[in-house]
Amino acid sequence: MSQPTVRSLTTTDHEIIHRWAEERGALPATVPGTECDARLCVLRFDFPGCGGEDLKEISWDDWFALFDQRGLSFVYHEGSKDDHHGNFFRLREPD
């Protein structure tokens, strides 16, 4: 049986990103100790049960402020949280 084709999608839309994360129970987070000039630097999502002990939860406002400031794009796989591709994402820097 063949695997279904997984599509990668890209967006900068805050509502789509927020909804995607909420559907997976993910919270906006950063990695402590990676600050740049005393500001947040590395953005992540903390997924429940996935070992996020090293992450620090931040507000959605702070997460999106840095996302926009850095001109990032959100690349994610189409699919549900229950398939093995469902939680894939990465943040892409502008070209």
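Report on the accompanying structure. Numbering of residues begins from 1 in every chain and follows the order in which that chain's sequence is written. Where local features are concerned, this predicted model is filtered to residues with pLDDT of at least 70; where side-chain atom pairs are given and counted, the filter is 80 or more; whole-chain, interface and lining totals use all residues. By convention in this description, side-chain values take in all heavy atoms of the structure and omit both hydrogens and water.

Some points on the packing of aromatic side chains
Alright, step 1. When two rings of Phe, Tyr or Trp (its six-membered ring) have centres within 6.5 Å they constitute a pair, described as stacked for plane angles under 30 degrees, edge-to-face for angles over 60, and tilted for the intermediate range. Taken as a whole and judged by the stated rule, the model has 17 aromatic pairs.
Alright, step 2. Plain terms: the ring middles of W20 and F89 are 5.8 Å apart, the flat faces sit at 65 degrees to each other, and that makes the pair edge-to-face. Residue W20 is found in helix α1 (residues 14-23), and its partner F89 is found in strand β6 (residues 89-92); the two are separated by 69 residues along the sequence. The same class applies to W20 as to F89, namely buried. Helix numbers and strand numbers start at the N terminus; a helix is a DSSP run of H or I with at least 4 residues, a strand a run of E with at least 2. Remark: exposure states derive from per-residue accessible area (1.4 Å probe, protein chains only) relative to the maximum for the residue type, with buried under 20%, exposed over 50%, and partly exposed in between.

As for α1
Alright, step 1. The set of residues buried in α1 consists of I17, W20 and A21. Down the axis of α1, the sector holding all buried residues measures 95 degrees, keeping them to one side. Projecting away from the buried face of α1 at angles above 90 degrees are the exposed residues E15 and E22.
Alright, step 2. In the core, the buried residues of α1 are packed alongside β1 (8-11), β3 (43-46), α2 (60-69), β5 (73-77) and β6.
Alright, step 3. With a side-chain oxygen lying 2.8 Å from the backbone nitrogen of E15, the N-terminal cap of α1 falls on D13.
Alright, step 4. Positive backbone phi, approximately 70 degrees, marks G25, located one or two places after α1. Picture the helix axis, draw a direction to every C-beta atom, and the arc is the one those directions span. Whether two residues are in contact is decided by their heavy atoms, any of which lying within 4.5 Å being enough. Two N or O atoms form a polar contact when they lie within 3.5 Å of each other; inside protein one atom must be a possible hydrogen donor and the other a possible acceptor, and for residues adjacent in sequence the pair counts only when both atoms belong to side chains.

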